[in-house]
Amino acid sequence: MTTYYTKSHEWIRVDGDQGTVGITAHASEELGELVFVEAKDEGTEVAAGDAAAVVESVKAASDIYAPVAGTLAGFNDALSDDPTLVGKDPEGEGWIFRMTVANPDDLKGLLTAEQYKSL
C-alpha cells in the first residue's frame, strides 16, 4: 500500500484500485475537535477536487475533497458514533471514506510523504 497526499491536506492510501481517504494530522489540528463527519453516498462518482465529505468542528465546517477521480465505496461508520476518532488517529482509524480509483495514473499528480512534509 502506498499513501499519497494533497496540498489541501487529504491523504489517500491505495491498494490496487481501492483507496482509503482521510485528512492529515495537520488538518486535524487546524480544525480542532470534530463534532460531525459525513460523506456523500456510496456509489457517488467524484472528480479530483470534488467535495466528497464534510467535517464540522467546534471551530468551523470544512469540505474533504476527493484526491483523485473515482467512485465512493463506503464511509467509516465508526465516525458516526465518535467523530473525534479523526483527531485521535487521523491517518489510521480516523479515515473518512473509501473509493475506487478511476485512473491509477492520477495518483502521479499527488504528493509523496516527503513532498507533503516540505509544504
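Residues numbered from 1 in each chain as written. Predicted model: local features only at pLDDT ≥ 70, side-chain atom pairs only at ≥ 80, totals over all residues. Heavy atoms only, no water.

Colleague: Sorry, what's going on with the nonpolar core here?
Modeller: Side chains of nonpolar character tend, in soluble globular proteins, to be buried together. By size, the foremost hydrophobic cluster in this structure holds 26 residues, and its most contacted members are I12, I96, F97 and M99. Listed by contribution, the elements that provide at least two residues to this core are β2 (10–15), β3 (18–23), α1 (25–31), β4 (34–39), β6 (51–57), α3 (85–88) and β9 (97–101). Residues within four places of I12 in sequence aside, it is in contact with T2, T3, Y4, G19, T20, V21, P67, V68, M99, V101, L107 and L110. Listed in part, the 5 residues of the second largest apolar core include W11, W95, L111 and Y116. (Core = buried A, V, L, I, M, F, W, Y, C linked by side-chain atoms within 4.5 Å. Buried < 20%, exposed > 50% of the residue type's maximum accessible area, 1.4 Å probe, protein only. Helix = DSSP H or I, 4+ residues; strand = E, 2+ residues; numbered from the N terminus. Contact = heavy atoms within 4.5 Å.)

Colleague: Just checking my understanding: could you explain the packing of aromatic side chains for this structure?
Modeller: To describe a pair of aromatic rings, one takes the distance between the centres and the angle between the planes. Under the definition given, this model contains 1 aromatic pair. Ring centres 5.0 Å apart and planes at 20° place the aromatic pair Y5 and Y116 in the stacked group. Here Y5 is found in strand β1 (residues 2–5), whereas its partner Y116 is found in helix α4 (residues 113–117), with 111 residues between them in sequence. The cationic tip of R13 hangs over the ring face of W11; the distance from NZ or CZ to the ring centre is 4.4 Å. (Phe/Tyr/Trp six-rings, centres within 6.5 Å; stacked < 30°, edge-to-face > 60°. Lys NZ or Arg CZ within 6 Å of the ring centre and 35° of its normal.)

Distances and angles like these do not, on their own, reveal function.
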